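A look at the structure
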Protein chains: 6
Amino acid sequence: MPIVRTKIERAHADVIEGLAACGVATVHEAQGRIGLLGAYMRPVWRGARLAASAVTVSVPPCDNWMIHVAVEQIHKGDIMVVAPTSPSDAGYFGDLLAGSLQARGCKGLVIDAGVRDTADLEEMKFPVWSKAISAQGTVKETLGDVNIPVVCAGAIVNPGDVIVADDDGVCVVRREDAADVLKKAQARIANEGEKREKLNSGVLGLDLYKMREALAAKGLKYV
Amino acid sequence: MPIVRTKIERAHADVIEGLAACGVATVHEAQGRIGLLGAYMRPVWRGARLAASAVTVSVPPCDNWMIHVAVEQIHKGDIMVVAPTSPSDAGYFGDLLAGSLQARGCKGLVIDAGVRDTADLEEMKFPVWSKAISAQGTVKETLGDVNIPVVCAGAIVNPGDVIVADDDGVCVVRREDAADVLKKAQARIANEGEKREKLNSGVLGLDLYKMREALAAKGLKYV
Amino acid sequence: MPIVRTKIERAHADVIEGLAACGVATVHEAQGRIGLLGAYMRPVWRGARLAASAVTVSVPPCDNWMIHVAVEQIHKGDIMVVAPTSPSDAGYFGDLLAGSLQARGCKGLVIDAGVRDTADLEEMKFPVWSKAISAQGTVKETLGDVNIPVVCAGAIVNPGDVIVADDDGVCVVRREDAADVLKKAQARIANEGEKREKLNSGVLGLDLYKMREALAAKGLKYV
Amino acid sequence: MPIVRTKIERAHADVIEGLAACGVATVHEAQGRIGLLGAYMRPVWRGARLAASAVTVSVPPCDNWMIHVAVEQIHKGDIMVVAPTSPSDAGYFGDLLAGSLQARGCKGLVIDAGVRDTADLEEMKFPVWSKAISAQGTVKETLGDVNIPVVCAGAIVNPGDVIVADDDGVCVVRREDAADVLKKAQARIANEGEKREKLNSGVLGLDLYKMREALAAKGLKYV
Amino acid sequence: MPIVRTKIERAHADVIEGLAACGVATVHEAQGRIGLLGAYMRPVWRGARLAASAVTVSVPPCDNWMIHVAVEQIHKGDIMVVAPTSPSDAGYFGDLLAGSLQARGCKGLVIDAGVRDTADLEEMKFPVWSKAISAQGTVKETLGDVNIPVVCAGAIVNPGDVIVADDDGVCVVRREDAADVLKKAQARIANEGEKREKLNSGVLGLDLYKMREALAAKGLKYV
Amino acid sequence: MPIVRTKIERAHADVIEGLAACGVATVHEAQGRIGLLGAYMRPVWRGARLAASAVTVSVPPCDNWMIHVAVEQIHKGDIMVVAPTSPSDAGYFGDLLAGSLQARGCKGLVIDAGVRDTADLEEMKFPVWSKAISAQGTVKETLGDVNIPVVCAGAIVNPGDVIVADDDGVCVVRREDAADVLKKAQARIANEGEKREKLNSGVLGLDLYKMREALAAKGLKYV
């Protein structure tokens, strides 16, 4: 029953680029504080910030065969999202696979497991968010699936959903909600610009957000 | 009963600057190996090294309202110390709050929970030591306290205590002990200078510290 | 019964240098996916890559006395490998010991516990792989052993075994297998060069490794 | 946008009872080694074994309001499945809610968070599988959803899916696959009965499963 | 500077007994959701439920000497609370110490570290809440303190504070608040009795707590 | 290169029985506080206490094939010790294998991974110490080794070494040291009997162990 879905729908490129510019924290807030992958998903090297369409890969524990299969399904501008069917820290992914993905225009990797050749990944400027760094090799014995819905670090990722990732972590936006979430995220940013200026000039959040009455009503005492 | 104490005593500025120069490991040793916060408290970006007076904030899980309240209590040169009343990795703090704190002359943040906008925090050179990096948003529903004694990462921090923090972690020094601890720390450093020179020149610690007899007495055998 | 073995055999210097050039992931694969230390062993600063002969130290929990003893047993080009007899995150090691080791030509430290003075360690370019960063001080009360077989982060390390370490982690190679493992590792690298070129040019791993038939035989379906 | 779906489809009662009899390990194998919730989900008391239709609840961190809402949606024979939108160990659930659920014929609770009043839960024979035991109270401030698909301990659970749980943990079976999985699970059990008898009589698995040739072919040597 | 305070004040015996009857979850709620020790503090054997005055012990890592010192400070009806100055899972405590404590009328032990001889502890019916079970032995080399304020599993415990402990975990009540907290806890219990009856008879919490309007006002939709 | 060693030496049966009677904590102390497996190794059911000769099995991650191979190498009175070559929580072992082992007179299992069918294991009174309980199935694809030295939960176990295990955890005694360790352990027990009696009668450890002078000499003050 293992399958590879070869056709998936993707969000519009402009929407994806717009979400990249907003960043993880803003996008997560804009869609109602959902879609965040577990905080243990950390960038292998810091400074990357992107959004891309997910090509999802469900892999057996300690077996990276399906990643090779999934490379072929990558379109320019996609990101690969790998989720093991049971928890694993093994090193599923290294510089050879990164080179292969870059050759296809892949923007990066999100993997709820380990990666290796991390010095090379940084040198290649190939962005990776992973659960672990581990040189532990994997086998190629058992099939999995490509482009089915997966649970990656506690979040459901459907093929074609938009992944937003930066130094704060990784967030997933449903493909069909992406345009709407972008609008809300951009509204937040517009709104935050003015606030930031005021806060940076020394205006207190207590005054800016008019919190003093609510605090007093809840019973806060100054002593 | 939630309260904000608006007046706290602080250690003398010279003492605080002196402790900053000594660093966490030395200060911790100088005061008898106490006061270290849990080793899971890591700098969001490496290279900061400081000491400052603690303004303490006790916050409910997943609720950052009181941080806004506490900003007003910050004096130039203080550091904010945030402790949730039950464990949380949520992202209580981001770039807007950092800008607000910097506007008041706040030196940094120590938080036994998560923070976000970490790329911005590094760019702003706002030092943060935290338990986690997480974009997970928080609510503003429940009160807490400002400037009461808190337990942060396993250590008691009273308002006005001196926080020393660098790449090794975070240490707290009781305000009333600060001058005395500084003297002991400076004595250690003076003492270490000479030792360092000898060790770097190839003298063995075994000889420098005259350990050979004690080792033999305890029964160590060379074979 | 605590002992210090003063004579250990080491692998040939050329073999050690050869292994350093191969890196952890390749060496680990070349020797049949064994010898990897636990993935929680992380470099204190990134960018170091080395191989060296292990001088092993078995230490009591929270007691670093034997590290001082072991310094004397270091030959130029060795690495120190420290394993507590029960789990500990304490800061056994700092800049003074690092200076002392550098004076003897020691290449680095692998320790299944904590270290401190990490900003200094990076400035000194002294490579350390550790379980934790912690300023927590240790005592000097109880003996341990130098140059006995130890279990470090889940792997057996014998004195004189070759430690290979880089940003991916740490791997141990039996001294007597080192020359043979080097050959296999170099063969992998030679073999990978051509593969890398092809993958980078866009050839799919599916084709390069001729996986399509095996996948079909196992039942993979494209839909 | 928070919603309560009041109508969900459930699997046939006979199928559910059949799956309960098979147990978690067998069901998990029968459906191709998928559907297992994270191994950190442990029974509060040992000895319960059941299968039931899931009523799912998505709750904010540290807020148990929606559990009260979900009680009303329970039909006799259901199980409640609670998943926080960000990780929490708080004690969302205690004896009062358990009594309320029992009054409605609810078979148990699966919660990716904490519970309390555990002595009472055992005395009431109300089965609970949870991530933690914690007395930490929660608030009733923020809405969530009832009977939407949730990710619970890493597994997707749709309302109406069949939950199988025993001392080994918790497994979810898609409602539409339940009858088919039951057949496969029962076939495994029938098949295992004969095997068990032989193994218990001293026949080796090596012979029973005819493994010797495959092992030799792979290169296993007896020395 | 290590000290043993030989005189501490205790709460009234009736108050202590009253709190024992209320249990951890209720007491924790009654005092405003504070005072809970970390949820990793688990009973070595289940079924004990008690309240007692704390005799506090601050111990070095892996060193149990001060526990012997503290035994003498135990009065009939006290509980010993042990907190290491840095994290440790070592087995500080076993059957001999338990016998010694029982001889003095000590009600139990709370220790943020490990214990051993757990089968004996259960047979002796000596209640212990600990972070770990470990046979790892400790040394007797370094002093600590008895009856000073300690941080145990994240909570401040002062000598003479009331410890409440049961299968749900451990909670500390300030000695000076104990009588007041007891009243609030008893009021909760009185109030809960009626609620429990109604809920058990099938009345929904939604109706009992009159939640429907608030939920609708927040925007909850039934679909 | 995977091998099965078919001949191993074992300790004398009387020595093994003697060690069983002493228990883990005493044996661990008697041999100088070494040999303890990591404290995360917990009994699946409580109350078993045994000693036995180790038949060791090195298994790949998530692959239990070699356990079937190892069953044949079990002699009456042995215990099986399973160590994966990289960390795994998968359920390598269940009731069928337990039945097969019991048929050969095997006393139990120690496994640095997961097991399943735990209710059956308890009913069969087959003792198991494991890192995890998990229903997660494994494959039978890759070879490993039987009766080679392994690292299990951080401790080296050689084939034929004596495993001592009870509710406190698991300890390994070198086969060649077993008789000597037994003598020391029995001496401890003889010595403890008298101490226990005195302590239980109310004599303080401070007096029994004559600690008062040493404490005063170190500077302990009573206030």
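Scope of this entry: the structure provided in the associated data block.

1. A look at the overall build of chain A
Counting secondary structure elements, chain A contains eight helices and 13 strands. Reported as C-alpha extents along the three principal axes, the dimensions of chain A are approximately 65 × 35 × 35 Å. Within chain A, the fraction of its 223 residues that count as buried is 61%. Of the contacts formed within chain A by residues at least 6 apart in sequence, a portion of 75% connects residues at least 24 apart. Of the accessible surface of chain A, which amounts to about 8200 Å², a share of 52% is contributed by carbon and sulfur atoms. Of the side chains in chain A, 26 bear a positive and 28 a negative charge, and the two mean positions are spaced by 6 Å.

2. What to know about the interface of chain C and chain A
Contacts between chain C and chain A engage 31 residues on the former and 35 residues on the latter. When chain C packs against chain A, the two sides together hide about 2800 Å² of surface, and 57% of this comes from carbon and sulfur. The largest contributions to the chain C side of the interface with chain A come from Arg 46, Asp 168 and Val 223 of chain C, which together make up 19% of the buried area. Applying the counting rule to chain C against chain A returns four salt bridges. At the boundary of chain C with chain A, the tally comes to 13 residue pairs in polar contact (both at pLDDT 80 or more). Secondary structure elements with two or more residues in the side of chain C that touches chain A: helix H2 (24-30), helix H6 (178-200), helix H7 (205-208), helix H8 (212-218) and strand E13 (221-222) of chain C.

3. Thoughts on the relation of the copies chain C and chain A
Note on the copies: chain C fits chain A at an RMSD of 0.0 Å, the axial shift is 0.0 Å, and the rotation between them is 120 degrees. A rotation of that kind, with that shift, is consistent with a three-fold axis.

4. Structural notes on the relation of the copies chain D and chain B
Between the two copies, chain D and chain B, the superposition gives an RMSD of 0.0 Å; the rotation angle is 180 degrees and the shift along the axis is 0.0 Å. As the rotation angle and translation indicate, the two copies are arranged about a two-fold axis. A share of 86% of the interface residues of chain D reappears at the interface of chain B, consistent with the copies meeting face to face through the same patch.

5. Side note on the side chain of Gln 136 of chain B
Counting through the fold element by element, Gln 136 of chain B comes out in the loop between strand E7 (128-133) and strand E8 (145-146). Under the relative-accessibility criterion, Gln 136 of chain B is labelled buried at 7%.

6. Points about the interface of chain D and chain B
How big an interface is tends to be stated in terms of accessible area lost as the parts join. Across the contact, seven residues belong to chain D and six residues belong to chain B. Considering only the surface of chain D that becomes buried against chain B, Cys 62, Gln 136 and Glu 141 of chain D emerge as the three largest contributors, covering 57% of it. Where chain D packs against chain B, one counts zero salt bridges. The tally of links between chain D and chain B comes to zero residue pairs in polar contact (both at pLDDT 80 or more). Its residues placed into classes, the side of chain D that touches chain B shows two nonpolar, four polar and one charged.

7. A word on the environment of Gly 193 of chain D
Within the fold, Gly 193 of chain D resides in helix H6 (residues 178-200). A relative accessible area of 29% means that Gly 193 of chain D is categorised as partly exposed.

8. Considerations on the environment of Met 124 of chain A
Residue position: Met 124 of chain A is located in the loop between helix H5 (118-123) and strand E7 (128-133). The spatial distance from the C-alpha of Met 124 of chain A to the C-alpha of Asp 95 of chain A is 8.5 Å, given a sequence separation of 29 residues.

9. Concerning the packing of helix H6 (residues 178-200) of chain B against helix H4 (residues 95-103) of chain C
For the pair H6 of chain B and H4 of chain C, interaxial distance at closest approach is 7 Å and the crossing angle is 20 degrees. With respect to each other, H6 of chain B and H4 of chain C are oriented roughly parallel. H6 of chain B and H4 of chain C meet at a crossing whose hand is right-handed. Counting all contacts with H6 of chain B, which are made through Glu 192, Arg 196, Leu 199 and Asn 200 of chain B, the residues of H4 of chain C involved are Asp 95, Leu 96, Gly 99, Ser 100 and Ala 103 of chain C. Across the contact of H6 of chain B with H4 of chain C, the residue classes tally to three nonpolar, three polar and three charged.

10. Focus on helix H1 (residues 13-22) of chain F
All names here are of chain F. Buried within H1 we find Val 15, Ile 16, Gly 18, Leu 19, Ala 20 and Cys 22. Turning to H1, the residues buried within the fold contact helix H2 (24-30), strand E3 (50-59), strand E11 (162-166) and helix H6 (178-200). Directly beyond the C-terminal end of H1, a positive phi value near 85 degrees is found at Gly 23.

11. Overview of the pairing of E11 of chain F
Residues and elements named next belong to chain F. Burial analysis of E11 places five of its five residues in the buried class, which makes it a mostly covered element. What you see with E11 is no split at all: Val 162, Val 164 and Asp 166 on one side and Ile 163 and Ala 165 on the other are buried throughout. Here E3 runs beside E11; their pairing, made up of four bridges, is antiparallel. Within E11, the residue paired with Leu 50 across the bridge is Ala 165. The hairpin turn running from E11 into strand E12 (residues 169-173), its antiparallel successor, is two residues long.

12. Describing the pattern of salt bridges
All told, the structure shown has 91 salt bridges over all chains when counted by the stated rule. For the salt bridge of Arg 46 of chain E with Asp 167 of chain E, the shortest nitrogen-to-oxygen distance reads 3.5 Å. Linking Arg 46 of chain E in the loop between strand E2 (42-43) and strand E3 (50-59) with Asp 167 of chain E in the loop between strand E11 (162-166) and strand E12 (169-173), this pair joins segments that are 121 residues apart in sequence. Residue Arg 46 of chain E is classed as partly exposed on the basis of its relative accessible area, which comes to 33%. Arg 196 of chain F serves as the salt-bridge partner of Asp 95 of chain E, at 2.6 Å between the closest nitrogen and oxygen. Of this pair, Asp 95 of chain E sits in helix H4 (residues 95-103) while Arg 196 of chain F sits in helix H6, which puts the two residues in different chains. We classify Arg 196 of chain F as partly exposed; its relative accessible area is 28%. Each of the salt bridges in this network shares a partner with another, and the network as a whole consists of Glu 29, Arg 33 and Arg 188 of chain A together with Arg 116 of chain B.

How each quantity is defined
Residue positions within a chain follow its written sequence, with the count starting from 1. For this description, chains carry letters from A and ligands carry numbers from 1, given in the order in which they are written. The model is predicted, so local features are restricted to residues of pLDDT at least 70 and side-chain atom pairs to those at 80 or more, both for listing and for counting; the totals for chains, interfaces and linings are taken over all residues. As a rule here, side-chain values cover all heavy atoms of the structure and leave hydrogens and water aside. A run of DSSP states H or I qualifies as a helix once it reaches four residues; a run of E qualifies as a strand once it reaches two. Both are numbered from the N-terminal end. We call a residue buried when its accessible area falls under 20% of the maximum for its residue type, exposed when it is over 50%, and partly exposed in between, using a 1.4 Å probe and counting protein chains only. Contacts: residue pairs with any heavy atoms within 4.5 Å of one another. Shrake-Rupley sampling with a 1.4 Å probe provides the accessible areas, and residues are treated as covered by the protein chains on show and by no other component. Here Asp and Glu are counted as negative and Lys and Arg as positive; His is not counted, and neither are the chain ends. Where a charge sits is defined by one atom per residue type, namely NZ (Lys), CZ (Arg), CG (Asp) or CD (Glu). Here the quantity called buried area is the total loss of accessible area, with a 1.4 Å probe, experienced by two parts when brought into contact, counted for both. By convention in these notes, a salt bridge is any Lys or Arg side-chain nitrogen within 4 Å of a carboxyl oxygen on Asp or Glu. Distance and chemistry together define a polar contact, namely a pair of N or O atoms within 3.5 Å, with one atom able to donate a hydrogen and the other to accept it when in protein, and with adjacent residues in sequence counting only for side-chain atoms on both sides. The copies are overlaid by a least-squares fit using only the C-alpha atoms of residues whose pLDDT is at least 70 in both copies. Polar here means any residue other than Ala, Val, Leu, Ile, Met, Phe, Trp, Tyr, Cys and Pro, which are nonpolar, and Asp, Glu, Lys and Arg, which are charged; Gly is therefore polar. The axes are straight lines fitted to the C-alpha atoms, using for helices just the contacting stretch, and the angles between their N-to-C directions are given from 0 to 180°. To sort the angles, those under 35 degrees are grouped as roughly parallel, those over 145 as roughly antiparallel, those from 65 to 115 as roughly perpendicular, and the leftovers as oblique. Handedness of a crossing is defined here by the sense of rotation of the near helix relative to the far one, left-handed for an anticlockwise turn of less than a right angle and right-handed for a clockwise turn. We call two strands paired when DSSP finds no fewer than two bridges between them.

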